[in-house]
Amino acid sequence: MEGIKGDNLLKDKKVAILGGGPGGLTLARLLQLKGAEVKVYERDFNKESRVQGAIVDLHFDSGLKVMTAAGLLDSFKNVYMRGADKYRIVNKEANIYLDETNDGKEDDFNNENFRPEIDRGVLRNLLIDALLPDTVVWDSHFLSMEQMNDSWELKFKNGTTAFADIVIGSDGHLSKVRPYVTDIQSLYSGTTIIQGEIENPESACPEMYNLVNNANLLAMDIGKTIAAQPMAGGGLTFYAASLYPENWTKNSSINFNNPDEVYAYLVDYYKKWNPVFFTLFKACKQFIVRPLNYFPIDQHWEAKSNVTLIGDAAHLMPPSGEGVNTAMLDAFDLSECLCNEEFNDLKTAIAAYENKMRSRAAVLAKEAIESIQDFASPSEQSIKELIEMFQS
Ligand SMILES: Cc1cc2nc3c(=O)[nH]c(=O)nc-3n(C[C@H](O)[C@H](O)[C@H](O)COP(=O)(O)OP(=O)(O)OC[C@H]3O[C@@H](n4cnc5c(N)ncnc54)[C@H](O)[C@@H]3O)c2cc1C
């Protein structure tokens, strides 16, 4: 990777990417391919810190396209989770409505409907390994920054500081960079999920392990859903989703740090369901409760000349399978704009990127907001439609 040449806007500039999630790491890789000087500041203590959450699927026109542009598609093909893109949909009795696990379809990266899944931690390692040594500065929990002439002084929780000419916020849904770009706040979607992980499901809850069968399991009944997915290393992640009032987490009397209390709540909430699902809750030793928020779809701000946002920090939306893919597309578009010699200055380049990013995100966020209720609180009709969609 050679240094930036010619009139490129990043010539002699230091780029700080705040947050080493899929968006930030992809951006670092793409910018390094163009010769830019880049550091990624990540709050996790080191590379071994465990990435929470289950698998994510990359799509033909977004995640996979960007992996190709980053020269990483072959590495991806070596580590994606075969079979995990298949769906199993069951009812509350755990009777199977739809099963793709034996459909006999071959993995085909040329098929635009093929959406290979990858464990989040595996994806993170793949992206980190593609960066120049010491690109990621671990234990760098960003707190604030101050403008010093044309550059920024960044301040981290561990007392260290750093300088950068351009700052990119890829620090996710509670971004601390976002307030330097816009004061537009997120809104509550009406859905809250209770998430759990089980490291050894084969022994801790074997019936559930078999029901998931290394696929994407959706268990649906009127008003509530449980989703479960495999993780690398044989684990399982699950999400218990439903509609709850805003601030329910704070206002409920449940101590979400006490697994016994959460277990008792879930068993009561799902009391009409097959007890096999309770084995999932029993095996979980730590729950995370996530009210799902989103940024308004018509959000707009005036571009700055030296700070911008990508991924969830820019356009948080309810989960719809697009979040990682969109964060990677943002990384691609921003790297193309910042290194495009046709723009006269950084502000124009950032404005061009942000316009494209916001228009794309508005369409996806609208779909995600409309579909989250059908996921978290399905009706008889929406379950029927979902099954028909998979069958077609
Ligand atoms: C329950 C659930 C399921 C989902 N399922 C899917 C799915 O199947 N497919 C999909 O595409 N998307 C899914 N998403 C959405 C997806 O997780 C996000 O859209 C995606 O991870 C956004 O990537 P990002 O790089 O912008 O941010 P993140 O992945 O959130 O990464 C942000 C990074 O910044 C770091 N960070 C945060 N604050 C700071 C700070 N102050 N200083 C330094 N570092 C910091 C974090 O440690 C993290 O590494 C799901 C989301 C949820 C909640």
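Residues numbered from 1 in each chain as written. Predicted model: local features only at pLDDT ≥ 70, side-chain atom pairs only at ≥ 80, totals over all residues. Heavy atoms only, no water.

The name recorded for the protein chain in an unreviewed UniProt entry is Flavin-dependent monooxygenase, from Flavobacterium bizetiae. Recorded under Catalytic activity (unreviewed entry), the UniProt text for the protein chain is reproduced unchanged: "a tetracycline + NADPH + O2 + H(+) = an 11a-hydroxytetracycline + NADP(+) + H2O". (UniProt positions renumbered as here; feature names shortened; annotations may be inferred.)

A. Focus on the pattern of salt bridges. One pass over the structure, following the stated rule, counts 16 salt bridges. Here R88 and D99 are joined by a salt bridge, their closest N and O atoms 3.0 Å apart. Within this pair, whereas R88 is found in strand β4 (residues 87–90), its partner D99 is found in strand β5 (residues 96–99), the two being separated by 11 residues in sequence. For R88, a relative accessible area of 10% puts it in the buried group. (Salt bridge = Lys/Arg side-chain N within 4 Å of Asp/Glu carboxyl O. Helix = DSSP H or I, 4+ residues; strand = E, 2+ residues; numbered from the N terminus. Buried < 20%, exposed > 50% of the residue type's maximum accessible area, 1.4 Å probe, protein only.)

B. Layout of helix α4 (residues 120–129). If you check which residues of α4 are buried, you get G121, L123, R124, L126, L127 and I128. Of the residues that open α4, the one with a side-chain oxygen 2.8 Å from the backbone nitrogen of G121 is D119. (Polar contact = N/O pair within 3.5 Å; in protein donor to acceptor, adjacent residues only side chain to side chain.)

C. Representation of unusual backbone geometry in the model. At D139, a residue that is not glycine, the phi angle is positive and equals roughly 55°. Relative to the helices and strands, D139 resides in the loop between β7 (136–137) and β8 (142–148). In this model, N214 sits at a positive phi of 60°, which is unusual for a non-glycine residue. As for its placement among the helices and strands, N214 is situated in the loop between α6 (206–212) and β13 (216–221). For N214, a relative accessible area of 38% corresponds to the partly exposed category.

D. Focus on the nonpolar core. Counting residues in each nonpolar core, the largest one holds 68 residues, and the members touching the most others are L10, M67, F76, L154, V167 and I168. In terms of residue count, helix α11 (residues 323–338) provides more of this core than any other element does, eight residues in total. Discounting residues that sit within four places of it in the chain, V167 has contacts with A16, L18, M145, W152, L154, V177, N306, V307 and T308. By size, the runner-up hydrophobic cluster in this structure holds 34 residues, among which are C205, F256, Y265 and F281. (Core = buried A, V, L, I, M, F, W, Y, C linked by side-chain atoms within 4.5 Å. Contact = heavy atoms within 4.5 Å.)

E. Structural view of the sheet that holds strand β1 (residues 14–18). On the basis of which strands lie adjacent, the open sheet formed by five strands has the order β7-β2-β1-β11-β17 and parallel pairing. The open sheet has two edge strands, β7 and β17 (307–309), and neither has a second partner. In this structure, β1 lies alongside strand β11 (residues 166–169), joined through four bridges in parallel fashion. Looking at the pairing, A16 lines up with V167 of β11. With respect to the sheet, helix α1 (residues 22–33) is in contact with β1, β2 (37–41), β7 and β11, its orientation differing from that of β2 by roughly 165°. (Pairing = 2+ DSSP bridges. Axes fitted to C-alpha atoms, helices over the stretch in contact; angles between N-to-C directions.)

F. Up close: the site of the ligand. What surrounds the ligand is a group of 31 residues, the closest being G23, E42, F142, D312 and V324. For the ligand, an oxygen atom lies 3.4 Å from a polar atom in the backbone of P22. One of the side-chain nitrogen or oxygen atoms of E42 is found 2.7 Å away from an oxygen atom of the ligand. Notes on the ligand: free accessible area 1000 Å², of which the protein chains cover 86%. Breaking the shell around the ligand down by element, the ones donating at least two residues are α1, β3 (55–57), α4 and α11. It is α11 that provides the largest number of residues to the shell around the ligand, a total of four residues. Classifying every residue of the shell around the ligand by side-chain character gives 10 nonpolar, 12 polar and nine charged. (Near = heavy atom within 4 Å. Areas by Shrake-Rupley, 256 points an atom, 1.4 Å probe, with all protein chains shown as cover. Nonpolar A, V, L, I, M, F, W, Y, C, P; charged D, E, K, R; others polar.)

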